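# Working through the structure, step by step
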Amino acid sequence: MSFHVSGPYGLNRTLPVDKHTPPMFILQAGNDLVDTIQHSLRYYIALKKANVPTEYHIYDEGGHAFGCIKQQ
């Protein structure tokens, strides 16, 4: 989610958040150097403002894209 935004909690216009956004589960590593906690927190706040059911979990370590498995 690291893209151009307006304001400290703005979202990219290509990523709309509204009442039709499906429920979300956000998992973030505190040591992710690609997409920081501020990016996922910004998204979480937008989801909550839109009344979208959301869970947000932060692990201290894990880096970027942990838990993703590349299929051969």
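Residues numbered from 1 in each chain as written. Predicted model: local features only at pLDDT ≥ 70, side-chain atom pairs only at ≥ 80, totals over all residues. Heavy atoms only, no water.

## A look at the environment of Gln 38
- Looking at where Gln 38 falls in the secondary structure, it is placed in helix 1 (residues 37-49).
- Classification of Gln 38 as exposed rests on a relative accessible area of 52%.
- At a separation of 3.0 Å, a polar atom in the side chain of Gln 38 contacts the side chain of Thr 36. (Helix = DSSP H or I, 4+ residues; strand = E, 2+ residues; numbered from the N terminus. Buried < 20%, exposed > 50% of the residue type's maximum accessible area, 1.4 Å probe, protein only. Polar contact = N/O pair within 3.5 Å; in protein donor to acceptor, adjacent residues only side chain to side chain.)

## A short note on the packing of aromatic side chains
- Tallying each qualifying case throughout the model produces 1 aromatic pair.
- On the basis of an interplanar angle of 20° and a centroid distance of 5.1 Å, the ring pair of Tyr 44 and Tyr 56 is categorised as stacked. Remark: Tyr 56 occurs in strand 2 (residues 54-59) and Tyr 44 occurs in helix 1; sequence separation between them is 12 residues. (Phe/Tyr/Trp six-rings, centres within 6.5 Å; stacked < 30°, edge-to-face > 60°.)

## A closer look at the nonpolar core
- Formed by Ile 26, Tyr 43, Leu 47, Ala 50, Val 52 and Tyr 56, the largest nonpolar core amounts to 6 residues.
- Setting aside its immediate chain neighbours within four residues, Tyr 56 contacts Ile 26, Gln 28, Ile 37, Ser 40, Leu 41 and Tyr 44. (Core = buried A, V, L, I, M, F, W, Y, C linked by side-chain atoms within 4.5 Å. Contact = heavy atoms within 4.5 Å.)

## Focus: unusual backbone geometry
- Unusually for a residue other than glycine, Asn 51 sits at a positive phi of about 60°.
- Here Asn 51 lies in the loop between helix 1 and strand 2.
- Judged by relative accessible area, which is 68%, Asn 51 ranks as exposed.

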